Amino acid sequence: MLNHVRVYLDHFGYDGYSYMPCEVCTAPANQVHHIVYRSKFGKKTKDQQDKIENLMGLCFSCHEKAHNEIYTQEYLQELHNAFMGK
């Protein structure tokens, strides 16, 4: 399992059988998205890319919209903060 997926699942207590909602539309999430893309982290901040604050569960459709910049990073971060109760 990829590290960022494990971090996300462990943080929220999901396992392979848990329903995990998309943080945007509440459909079943099947992917964990980096809000700030991994490529944007430099060598000195690489350890920050897989922090729970930068990870959100998304369905395939919303993940595509995130990568096509239909959803901005700011919008996704706001939704994720609300999902985490911040």
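Values in this document were obtained by computation on a predicted structure and should not be read as measured data.

S.K.: Tell me about the side chain of His80, and name the residues and values.
M.R.: When you line up the elements, His80 lands in helix α3 (residues 73-83). Within polar-contact distance, the side chain of His80 engages the side chain of Glu23 at 2.7 Å. Within the local environment of His80, its side chain forms a polar contact with the backbone oxygen of Ile52, the two atoms lying 2.8 Å apart. Setting aside anything within four residues of it in sequence, one finds His80 in contact with Tyr8, Glu23, Ile35, Ile52, Glu53, Leu55 and Met56.

S.K.: Just give me the short version of the packing of aromatic side chains, but keep the residues and values in it.
M.R.: Enumeration over the complete set of coordinates arrives at five aromatic pairs. For the pair Tyr71 and Tyr75, a centre-to-centre distance of 5.5 Å together with 40 degrees between the ring planes defines the contact as tilted. Tyr75 sits in the partly exposed class, given a relative accessible area of 35%. Ring-pair connections join several aromatic residues into one group, and the members of that group are Tyr8, Phe12, Tyr14 and Phe83.

S.K.: Tell me what's going on with the environment of Met56, and back it up with residues and numbers.
M.R.: By secondary structure assignment, the location of Met56 is in strand β2 (residues 55-58). According to the relative accessible area criterion, Met56 is buried, its value standing at 0%. Measuring from C-alpha to C-alpha, the distance between Met56 and Tyr14 comes to 13 Å, with 42 residues separating the pair along the chain. Apart from the residues within four sequence positions on either side, Met56 is in contact with Tyr8, Glu23, Val24, Gln31, Val32, His33, Ile35, Leu76, Leu79 and His80.

Cut-offs applied
- Residues numbered from 1 in each chain as written.
- Predicted model: local features only at pLDDT ≥ 70, side-chain atom pairs only at ≥ 80, totals over all residues.
- Heavy atoms only, no water.
- Helix = DSSP H or I, 4+ residues; strand = E, 2+ residues; numbered from the N terminus.
- Polar contact = N/O pair within 3.5 Å; in protein donor to acceptor, adjacent residues only side chain to side chain.
- Contact = heavy atoms within 4.5 Å.
- Phe/Tyr/Trp six-rings, centres within 6.5 Å; stacked < 30°, edge-to-face > 60°.
- Buried < 20%, exposed > 50% of the residue type's maximum accessible area, 1.4 Å probe, protein only.

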